Amino acid sequence: MGRFIVRRLALMVIALWVVVTVTFFLAHMIPGGPFDREKPVPEAIKKNLEEKYHLNEPMWKQYILYLNDIIHGDLGPSFKYPDRTVNDIIKESFPVSAQLGFWAVLIATFVGISLGSISALHQGGLIDSFSMFFAILFISLPSFVIAPIFQYIFGVKLHWLPVANWGSWEHMILPALSLALGPTAVIARLTRASMLEVLSNDYVKAAKARGLSGLRVLIVYALKNALIPVVTYLFPLIAAIFTGSFVVEKIFNIPGLGRYYVTSIYNRDYTVILGVTVFYAAFLILMNLLADITYALLDPRIRYE
Amino acid sequence: MALLEVRNLQTYFYTYAGVVKAVDGVSFSVDRGEVLGIVGESGSGKSVTAMSIMRLVQQPGKTVGGEIIFDGIDLLKLSDREMNSYRGKRIAMVFQDPMTSLNPTLTVGYHMMELLSRDPNLKTKKQKIDRAIELLRAVGISEPEKRLSQYPYQFSGGMRQRVMIALAIALNPDLLIMDEPTTALDVTVQAQIMELVKEIQERYHMAVIFITHDLGVIAGFADRVMVMYAGKKVEEGDVYSMFEKPLHPYTEALLSAVPKLDMDRSQRLYAIPGSPPNMIAPPPGCRFHPRCPYAMRICAKKMPVAVSTDDREVYCWKVFKEMGVVESV
C-alpha cells in the first residue's frame, strides 16, 4: 500500500505537469492580453507592464519561467489585481469555498446514503417512490434554478434566512443546500441501486438466517459493501465542491474561489487561470487517490501492488 | 412430541404473471436427532419450504397458511424479534453456494465472533476465540488459529462450506436445515462434506432437514425421505423401504434416473419425460399426471388423497387403487 501511494504521488507530478503545459498554451492562445482595454492603454505603459511580467519574452521562455516559479510553490502575481499574488487569492477564497463545500458534501452524503438505503429496504413502497421522484427532480434542476427559488422563498418571502452575502452560519444554509441537492439526489440513487444488488446476495440471506439483528445486517453486511460506487462518485465530488461553484457563489455573492475560474479567463489573467486550474487538478488527483485507498478499506479483496 | 411439525404449509409468490403456489399444503414432521431428506426437481418447493421454516421468504413470496410448530411453538405466530432469537440459536441453516454465503469483506473470524457473542456462556474474548478455533477444528479446518484472520476469498469452496457448517453449529441448534449443501462442490469435495455432515449430526445428535435433488447423497444419511413435486408432497417414508420399493410413479422415475456404476455403456440414462409443470397454472388433479406413464382418467380430475401404511404416505390414485380401497369416483 505504501509503495502504491508513493507511485501514485509520483504520477501526480507528471499529471500536473501535463495540466500546466496544456493550460499554459491554451490560455495564451486566447486572442487579446491582460492589459487590453476598451480604451487602449498608451503603448509605452503597455510595454512597461509587459516587460514587468515578462510578457514580451518568447512563449517558450515564459513557459520555462512559469515552470520554475511553480516548482518553488509560487503561482505568480495576478495581472488583474496587481497587489495580490495567486497564492494570496487561493489562500483567501479557498477556505470560504471549502467551508461551504464541507457542509454541502456532508448533507449530500448523509441524506443521500440514508434516503438511498431506506428506499432500497422498502423497494416499491411509498418512501421509495417519493424519494426517487425527488431524486429525479433535483438531478434535473440545475443549481441556478434552485438557488434563486430558495432565495425567493426563504429570503424574500419568509424572511427566515438572509438572501445573500457571507458571514454568519445563517448565510451558509441556502447556498449549502443549493449545492447539496443535486449530489444528494445522485448519491441517493447510487446507494439505492447498489444496496438492492447487495441485498439480493446470498451472504445477506445467510446472515439473516444466523439471526443477526436487522440493523447489523443492514450496516455491516449491506451498506458497507454497497458503498463502493458511492465512494467513486463522492471523492471527485469533494474536489469539485470544495473548490467552489461559480454559479452558486455568484448568486449568493460569496467571496469564494469559484468566480476566479470564469473571471480570470475573460480578464486574460494567465497566472490566475493556471493557478486555479492546477490547484483544482491537484485536489482532484489527491481525492482520487483517497478514493482508491477507501476502496481497499471497504473491500479487502482490493489490494494494490 | 416431534421437534418440528409442519402442517399444511402454504407459501405463495405473487408475481405479475399470477400466483405461484410454490409450497401448496405440505405437512411433515422431524423428531429430535432425526434426519429427514427432502427430494425433488428444481422448482418443486424444497428450498421454499426451508425458507418458510426460517421465515425468510422474500418478496413477492409470502407464507399464507399453515402452522410450523417448533418445540411446541408456532413460529408463524412469533414477532419478528422473537423469530430472530430462534434463527442461528435453535434452527440453523446451511445454503447451497458456499462461494457467496460469506460476506467477502469480513474475515472468517469476524463471522464467527459476531455469532458467538450471542452465546451467554462465552464471556471473555479469549473464550470466544477458543470456541471459534474449536469449531473450525471440528469441521476439519487445519491451522484454525491462522485461518480466523483470513478472508473468505482465501478459502476454497469446500473450506468455505466447512466454515458455513461451523457457523451453523456454533450455537448448538436443535435443528439444522441444509439446502443442497454439496450441489455447488466438486464430487470429491462433496463426499468429504457429506462425511463431515454425518459425523457432526451423530456427534451433536441434531435433527437435520437435508434438501437435495441427488438421491444418492441422501441414501446413506437420511432416516426418512420426503419427495416433493410441484409444491406438493407426493411420497414420504423410511429411506430403505422407499428406495427398495418406491410407490409413487414420480419417486420411481427419480430412482430410475440415478446413474448406476454397473450400467452398460450402450444403455441410455433414463430421463423423466416432459418438463416440470408451469406453476402459475399447474395441471388439474394430480400434478404429475401429464408426465406419468400410469396416468388414469381420475388423475387429471381429482387431487389424489393420502394413502398411508405404517411407514409410508403416498399421494397417488394408482397406489390407492392397488391398495384395494377404490370407490367409484
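For every chain, the first residue of the written sequence is number 1, and numbering continues from 1 onward in sequence order. All chains are assigned letters beginning at A, and all ligands numbers beginning at 1, according to the order in which they are written. Thresholds applied to this predicted model are a pLDDT of at least 70 for local features of residues and 80 or more for the giving and counting of side-chain atom pairs; totals over whole chains, interfaces and linings are not thresholded and use all residues. Only hydrogens and water are removed before side-chain values are computed, so all heavy atoms of the structure are retained for them.

Q: An account of the overall build of chain B is requested, with residue identities and associated values reported.
A: Along the backbone of chain B there are 11 helices and 12 strands. Relative to a compact globule of 329 residues, whose C-alpha radius of gyration would be 20 Å, chain B shows 21 Å and is just as compact. Categorising residues by exposure relies on relative accessible area from a 1.4 Å probe, with only protein chains included: less than 20% of the type maximum marks a residue as buried, more than 50% marks it as exposed, and the intermediate range marks it as partly exposed. Across the 329 residues in chain B, those meeting the buried criterion constitute 53%. What sets the accessible areas is the Shrake-Rupley method with a 1.4 Å probe; for residues, cover comes only from the shown protein chains. Total accessible area computed for chain B in this model is approximately 15300 Å², and 52% of it derives from carbon and sulfur atoms. Positive charges come from Lys and Arg, negative ones from Asp and Glu, while His and the chain ends are left out of the count. Charge positions come from single atoms, namely NZ of Lys, CZ of Arg, CG of Asp or CD of Glu. Looking at chain B, you have 39 positive and 38 negative side-chain charges, and the mean spots of the two groups are 5 Å apart. Working definition: helices are DSSP H or I runs of at least four residues, strands are E runs of at least two. Numbering for both runs from the N terminus. With the radius of gyration taken over C-alpha atoms, the globule rule is written as 2.2 Å times the number of residues to the power 0.38.

Q: I'd like a rundown of the overall build of chain A, residues and numbers included.
A: Looking only at helices and strands, chain A has 13 helices and zero strands in total. Along chain A, helices and strands appear, N-terminal first, in the series α-α-α-α-α-α-α-α-α-α-α-α-α. Counting only C-alpha atoms, chain A reaches 85 × 60 × 30 Å along its principal axes. Burial statistics for chain A: of 305 residues in total, 46% are counted as buried. The contact definition used throughout considers only heavy atoms, calling two residues in contact when any of these lie within 4.5 Å. Put simply, of all contacts in chain A between residues at least 6 apart along the chain, 74% involve residues at least 24 apart. With the model as given, the accessible surface of chain A reaches about 15600 Å², and the carbon-plus-sulfur share is 69%. Once the 25 positive and 20 negative side-chain charges of chain A are each reduced to a mean point, those two points are 9 Å apart.

Q: For the interface of chain A and chain B, give the residues involved together with the corresponding values.
A: If you look at the interface, chain A gives 21 residues, while chain B gives 27 residues. Once two parts are joined, some of their accessible surface, as seen by a 1.4 Å probe, is lost; buried area is that loss totalled over both. Carbon and sulfur atoms make up 58% of the surface buried where chain A meets chain B, a total of about 2000 Å² over both sides. Contact with chain B buries surface across chain A, with A209, R210 and P300 of chain A losing the most and accounting together for 29% of the total. A pair is scored as a salt bridge if a Lys or Arg side-chain nitrogen falls within 4 Å of a carboxyl oxygen belonging to Asp or Glu. Applying the counting criterion to the chain A and chain B interface returns one salt bridge. Of the charged contacts in the structure, one is a salt bridge between E114 of chain B and R216 of chain A, with a shortest N-O distance of 2.7 Å. N or O atoms within 3.5 Å of each other form a polar contact, as long as, within protein, one can give a hydrogen and the other can take it, and as long as residues adjacent in sequence are counted only when both atoms are side-chain atoms. Counting every contact that joins chain A to chain B gives 13 residue pairs in polar contact (both at pLDDT 80 or more).

Q: If you had to explain the nonpolar core to someone new, which residues and values would you point to?
A: Residues belong to one nonpolar core when they are buried, are Ala, Val, Leu, Ile, Met, Phe, Trp, Tyr or Cys, and are joined through side-chain atoms within 4.5 Å. By size, the foremost hydrophobic cluster in this structure holds 96 residues, and its most contacted members are L4, F28, I53, I177 and I209 of chain B. At seven residues, the largest contribution of residues to this core is made by helix α6 (residues 157-169) of chain B. Membership of the second largest hydrophobic core comes to 82 residues, among which are V20, F138, L199 and L257 of chain A.

Q: A description of the sheet that holds strand β9 (residues 224-229) of chain B should follow, citing residues and the corresponding values.
A: All names here are of chain B. We call two strands paired when DSSP finds no fewer than two bridges between them. Across the sheet, which stays open at both edges, the eight strands sit in the order β6-β7-β8-β3-β9-β10-β12-β11 with mixed pairing between neighbours. Where the open sheet ends on each side, the last strands, each with one partner, are β6 (91-94) and β11 (306-308). The average undirected angle you get between the axes of adjacent strands in this sheet is 20 degrees. In terms of strand pairing, strand β10 (residues 232-238) meets strand β12 (residues 312-315) through three bridges, oriented antiparallel. Across the sheet, E236 pairs through a bridge with E313, a residue of β12. To define axes, lines are fitted to C-alpha atoms, for helices over the stretch in contact only, and angles between the resulting N-to-C directions are given on a 0 to 180 degree scale.

Q: Could you give me a rundown of the side chain of R160 of chain B, with the residues and numbers involved?
A: Residues and elements named next belong to chain B. Here R160 shows up in helix α6. It is D97 that comes nearest to the buried, bridge-free R160 among opposite-charge side chains, at 7.1 Å. If we skip the residues at most four places from it in the chain, R160 touches P98, M99, L102, P152, Y153 and F155.

Q: Talk me through the packing of helix α3 (residues 108-116) of chain B against helix α4 (residues 125-138) of chain B; I want residue IDs and the actual numbers.
A: Between two packed helices, the angle of one axis relative to the other and the distance separating the axes together describe the packing. All names here are of chain B. Packing of α3 against α4 brings their axes to within 10 Å, and their N-to-C directions diverge by 120 degrees. Considering their axes alone, α3 and α4 lie oblique with respect to each other. Between α3 and α4 lies a crossing of right-handed hand. In this structure, α3 contributes M112, M113 and L116 to the contact, and α4 contributes K125, K128, I129, R131, A132, L135 and L136. In this classification, the charged set is Asp, Glu, Lys and Arg, the nonpolar set is Ala, Val, Leu, Ile, Met, Phe, Trp, Tyr, Cys and Pro, and all remaining amino acids, among them Gly, are polar. Classifying every residue of the contact of α3 with α4 by side-chain character gives seven nonpolar, no polar and three charged. Oblique is the label for every angle not falling under 35 degrees (roughly parallel), over 145 degrees (roughly antiparallel), or within 65 to 115 degrees (roughly perpendicular). Crossing handedness is defined as follows: a turn of the near helix away from the far one that is anticlockwise and smaller than a right angle gives a left-handed crossing, while the clockwise case is right-handed.

Q: Describe in detail the packing of helix α6 (residues 143-157) of chain A against helix α7 (residues 170-199) of chain A, supporting the description with residues and values.
A: Residues and elements named next belong to chain A. Relative orientation of the contacting elements α6 and α7 amounts to 145 degrees, with a least axis distance of 9 Å. Both α6 and α7 take part in a crossing whose hand is right-handed. The segment α6 lies against α7, with S143, I146, A147, F150, Q151 and F154 engaging L174, L177, S178 and L181. Of the residues belonging to the contact of α6 with α7, the class tally is seven nonpolar, three polar and no charged.

Q: Outline the pairing of β6 of chain B, listing residues and values.
A: Residues and elements named next belong to chain B. The two faces of β6 match: I91 and M93 on one face and A92 and V94 on the other face are all buried. Relative to strand β7 (residues 175-179), β6 is paired through four bridges, and the arrangement is parallel. Each residue of the ladder has a partner; that of A92, found in β7, is L176.

Q: Can you break down the sheet that holds strand β5 (residues 73-74) of chain B residue by residue, with the values?
A: All names here are of chain B. The four strands are arranged β2-β1-β4-β5 in an open sheet whose pairing can be described as antiparallel. Of all strands in the sheet, those bounded by a partner on one side alone are β2 (18-30) and β5. By the bridge criterion, two bridges tie strand β4 (residues 61-70) to β5 in an arrangement that is antiparallel. Bridging across to β5, F70 finds its partner in I73. Each of β1 (4-15), β2 and β4 is contacted by helix α1 (residues 46-54), which is oriented at about 110 degrees to β1, the strand it contacts most.

Q: Kindly report on the pairing of strand β3 (residues 35-39) of chain B, identifying the contributing residues and their values.
A: Residue and element names in this part refer to chain B. Counting buried residues in β3 gives five out of five residues, a clear majority hidden from the surface. The side-chain alternation of β3 yields two buried faces, one formed by V35, G37 and V39 and the other by L36 and I38. Bridge count between β3 and strand β8 (residues 207-212): five bridges; the pairing is parallel. What sits directly across from V39, in β8, is T212. The pairing of β3 with β9 spans four bridges and is classified as parallel. Looking at β9, one finds that I38 is bridged to M226.

Q: Outline the pattern of salt bridges, listing residues and values.
A: Side chains that differ in charge, positive against negative, can pair when their charged atoms come close. Residue and element names in this part refer to chain B. The tally for this structure, following the rule as stated, stands at 31 salt bridges over all chains. The closest approach of N and O atoms between K77 and D74, which form a salt bridge, is 3.3 Å. Of the residues examined, K77 reaches a relative accessible area of 64% and is grouped as exposed. Here the residues in one salt-bridge network are E34, R224, K233, E236 and E313, joined through shared partners.

Q: Let's hear about helix α4 (residues 86-121) of chain A: which residues, and what values?
A: To estimate the expected span of a helix, subtract one from its residue number and multiply by 1.5 Å. An ideal rise of 1.5 Å per residue puts 52 Å on 36 residues; α4 of chain A measures up with 49 Å between its terminal C-alpha atoms. Remark: the principal bend of α4 of chain A, roughly 30 degrees, maps to S93 of chain A, with a proline, P95 of chain A, within the next four residues. Bend, at a single residue, is the angle you get between axes fitted to the 7 residues ending at that residue and the 7 residues starting at it.

Q: Give a description of the state of the cysteines that names residues and reports values.
A: All names here are of chain B. Note on terminology: disulfide denotes any pair of cysteine sulfur atoms within 2.5 Å. Within this structure, the stated rule accounts for zero disulfides over all chains. The cysteine C292 is free of any disulfide, with C316 supplying the nearest cysteine sulfur at 6.1 Å. Looking at C292, the relative accessible area reads 17%, which means it is buried. C299 takes part in no disulfide bond, and the closest cysteine sulfur, belonging to C286, lies 5.9 Å away.

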